[in-house]
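Next come the chains, spelled out residue by residue.
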Amino acid sequence: MMSNKEARATLYVVGNINVDVIMGTLDSWPQRGTEVMLQHSELRPGGSAGNCALALEAMQVRHRAVANQGDDGLSAWLASHFPHSAAHWTRYACETSLTVGVTHSDHERSFLSNLGHIVRLSAQDVLSQLPAQASSGDIVLLCGTFLCLQLYEDYPQLLAELQQRGFIIAVDTGWPPQGWSDEVRAQIARWLPQCDWLLLNEVETLGLSGADDLHTGAHLLAQRLSGRGGCVVKCGAQGAGCWQRQHSLQQPARAVAVVDTIGAGDSFNAGFLTALLHQQDLATALQWGIAVASLAISTQPRRYPDWQQLQLCAQEF
């Protein structure tokens, strides 16, 4: 079984770390002015960057969560879940970002979010928390792209600086609240060539590429990247795939009893990029990503694998 001591590179997870209130199950929205009692609720740290960092912590992977924080009553509680990272976070005089996630019986979910601290995260906040020069194999994952409003504006300059510092760059954009317009696609096109790995789900791949089918869309996006990585597409129960300029690879997923799919893609990112830190091949990276996501979505309260569990789960592929 592989030792976790073999990788000395670090994964820096940059983006939205916020408070999640998960409630369910709701299949029809209540009428205005009424109240509905739901079967379950859970308060937990979340956000794309937060979910990924929690999975990395469980696996004892070398990482740092790069973020900022507000200064209200929730700020200290949120920071307490990231004790190795939060001391470096920039503090802003504002409320903590909060998301209410409502789950539905078909395993879909709806989100209600405020603005809060994450919209103030800047490129300077990020760069001040990163080393001036990357060590060999260091990865920066940028996520929650469209929710970190200030950082999104800084992406062209930020990615250029990360590339100059020698980092491997991965991006999980998420879904733009304004939709996939030509303007949004043009903005992203400015910095895609500096991106090594693009981590998307199926609908994001189609939205960003403008293609009518997944294979075409993922292939188009892979052509626009740096050429040092590829476009990874997370396909839920069907597993995941990766498209590179000349090749593509698909990895199916095992069936699991789904409890809560919130953060599934973020959990996948943690497993996939951990494999890259350990210089594993692409097939193994897809397997590790699926393994972490599968455990996360099938547990209540949410659990992530430790290092030994990850190795055992990956051996089942």
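Conventions we followed
- Residues numbered from 1 in each chain as written.
- Predicted model: local features only at pLDDT ≥ 70, side-chain atom pairs only at ≥ 80, totals over all residues.
- Heavy atoms only, no water.
- Helix = DSSP H or I, 4+ residues; strand = E, 2+ residues; numbered from the N terminus.
- Buried < 20%, exposed > 50% of the residue type's maximum accessible area, 1.4 Å probe, protein only.
- Contact = heavy atoms within 4.5 Å.
- Areas by Shrake-Rupley, 256 points an atom, 1.4 Å probe, with all protein chains shown as cover.
- UniProt positions renumbered as here; feature names shortened; annotations may be inferred.
- Core = buried A, V, L, I, M, F, W, Y, C linked by side-chain atoms within 4.5 Å.
- Expected span 1.5 Å × (residues − 1).
- Pairing = 2+ DSSP bridges.
- Axes fitted to C-alpha atoms, helices over the stretch in contact; angles between N-to-C directions.
- Salt bridge = Lys/Arg side-chain N within 4 Å of Asp/Glu carboxyl O.
- Parallel < 35°, antiparallel > 145°, perpendicular 65-115°, else oblique.
- Left-handed = near helix turned anticlockwise from the far one by under 90°.

### Looking at the overall build of the protein chain
In step 1: Each helix and strand counted, the protein chain has 11 helices and 14 strands in total.
In step 2: Along the first, second and third principal axes, the C-alpha atoms of the protein chain reach 55 × 45 × 45 Å.
In step 3: Looking at the protein chain as a whole, 55% of its 317 residues qualify as buried.
In step 4: Put simply, of all contacts in the protein chain between residues at least 6 apart along the chain, 68% involve residues at least 24 apart.
In step 5: For the protein chain, the computed accessible surface area is about 14,100 Å², with 50% contributed by carbon and sulfur atoms.

### Re the UniProt feature "domain: Carbohydrate kinase PfkB" (unreviewed entry) in the protein chain
In step 1: In this structure's numbering, the residues bearing the UniProt feature "domain: Carbohydrate kinase PfkB" (unreviewed entry) are residues 11-299.
In step 2: Secondary structure across residues 11-299 comprises 33% helix and 22% strand; the distance between its end C-alpha atoms is 25 Å.

### Brief notes about the nonpolar core
In step 1: One finds Leu141, Phe272 and Leu273 to be the most contacted residues of the largest nonpolar core, which totals 49 residues.
In step 2: With nine residues, the single largest contributor to this core is helix H10 (residues 282-297).
In step 3: Counting 39 residues, the second-largest nonpolar core is a separate cluster that includes Phe146, Leu192, Leu208 and Leu221.

### Examining helix H9 (residues 264-277)
In step 1: Here H9 contains 14 residues, and its C-alpha end-to-end distance of 20 Å stays within 8% of the 20 Å for a straight helix at 1.5 Å per residue.
In step 2: Within H9, 12 of the 14 residues are buried, which leaves the element mostly enclosed by the surrounding structure.
In step 3: Turning to H9, its buried residues are Asp266, Ser267, Phe268, Asn269, Ala270, Gly271, Phe272, Leu273, Thr274, Ala275, Leu276 and Leu277.
In step 4: Backbone geometry just downstream of H9 places Gln279 in the positive-phi region, at approximately 55 degrees.

### Some remarks on the sheet that holds strand S9 (residues 139-143)
In step 1: Taken in spatial order, the eight strands make up an open sheet running S4-S1-S9-S10-S11-S12-S13-S14, and their pairing is mixed. For this open sheet the edge positions go to strand S4 (63-66) and strand S14 (248-251), each flanked by a neighbour on one side alone. Each strand axis lies, on average, 15 degrees off the axis of its neighbour in the sheet, ignoring direction.
In step 2: Bridging between S9 and strand S10 (residues 168-172) involves five bridges; their strand directions are parallel. Pairing of Val140 across the sheet is with Ile169, part of S10.
In step 3: Strand contacts of helix H1 (residues 48-58): strand S1 (11-14), S4 and S9, with the helix running at about 155 degrees to S1, the strand carrying the most contacts.
In step 4: Packing against the sheet, helix H5 (residues 155-165) makes contact with S9 and S10, and its axis sits at approximately 170 degrees to S9.

### Looking at the pairing of strand S7 (residues 98-103)
In step 1: Relative to S7, strand S2 (residues 18-24) runs parallel, the two sharing five bridges. Counted as the bridge partner of Val21 is Val100 from S7.
In step 2: Alignment of S7 against strand S8 (residues 109-113), held across five bridges, turns out to be antiparallel. Paired with Val100 across the strands is Leu112, a residue of S8.
In step 3: The antiparallel pairing of S7 with S8 creates a hairpin that spans five residues between the two strands, and His107 there sits at a positive phi of about 75 degrees.

### So, the pattern of salt bridges
In step 1: Scanning the model with the defined rule gives five salt bridges in all.
In step 2: The partner of Arg228 in a salt bridge is Asp196, with the nearest N and O atoms 2.8 Å apart. Placement of the pair is Arg228 in the loop between helix H8 (214-224) and strand S12 (230-234) and Asp196 in the loop between helix H6 (182-189) and strand S11 (197-201), with a sequence separation of 32 residues.

### Some details on H1
For an α-helix the count is 3.6 residues per turn, leaving residues at separations of three or four pointing the same way.
In step 1: Counting buried positions along H1 gives nine out of 11 residues, so the element sits mostly inside the fold.
In step 2: Ser48, Ala49, Gly50, Asn51, Cys52, Ala53, Leu54, Ala55 and Leu56 are the residues of H1 that are buried.
In step 3: In this structure, the buried residues of H1 make contact with S1, strand S3 (40-46), S4, S9, H9 and H10.
In step 4: Phi turns positive, to about 60 degrees, at Gln60, one or two residues after H1.

### Here's the deal with the environment of Ser122
In step 1: Here Ser122 lies in the loop between S8 and helix H3 (123-128).
In step 2: C-alpha separation for the pair Ser122 and Arg91, spaced 31 residues apart in sequence, amounts to 12 Å.
In step 3: In contact with Ser122, not counting residues within four places along its chain, are Tyr92, Gln150, Leu151 and Asp154.

### Some remarks on the packing of H1 against H9
In step 1: Look at H1 against H9: their axes get within 8 Å of each other, and the N-to-C directions meet at 50 degrees. If you check the angle between H1 and H9, you find them oblique. For H1 against H9, the interelement crossing comes out right-handed. Side by side, H1 and H9 meet where Ser48, Asn51, Cys52, Ala55 and Leu56 of the first sit next to Asp266, Asn269, Ala270 and Thr274 of the second.

### Some thoughts on the sheet that holds S3
In step 1: With respect to topology, four strands assemble into an open sheet ordered S3-S2-S7-S8, the strand pairing being mixed. Two strands lie at the open edges of the sheet, namely S3 and S8, each paired on one side alone. Taken over all neighbouring pairs, the strand axes of this sheet differ in orientation by 20 degrees on average, direction set aside.
In step 2: Alignment of S2 against S3, held across seven bridges, turns out to be antiparallel. Its bridge partner lying in S3, Val19 is registered against Pro45.

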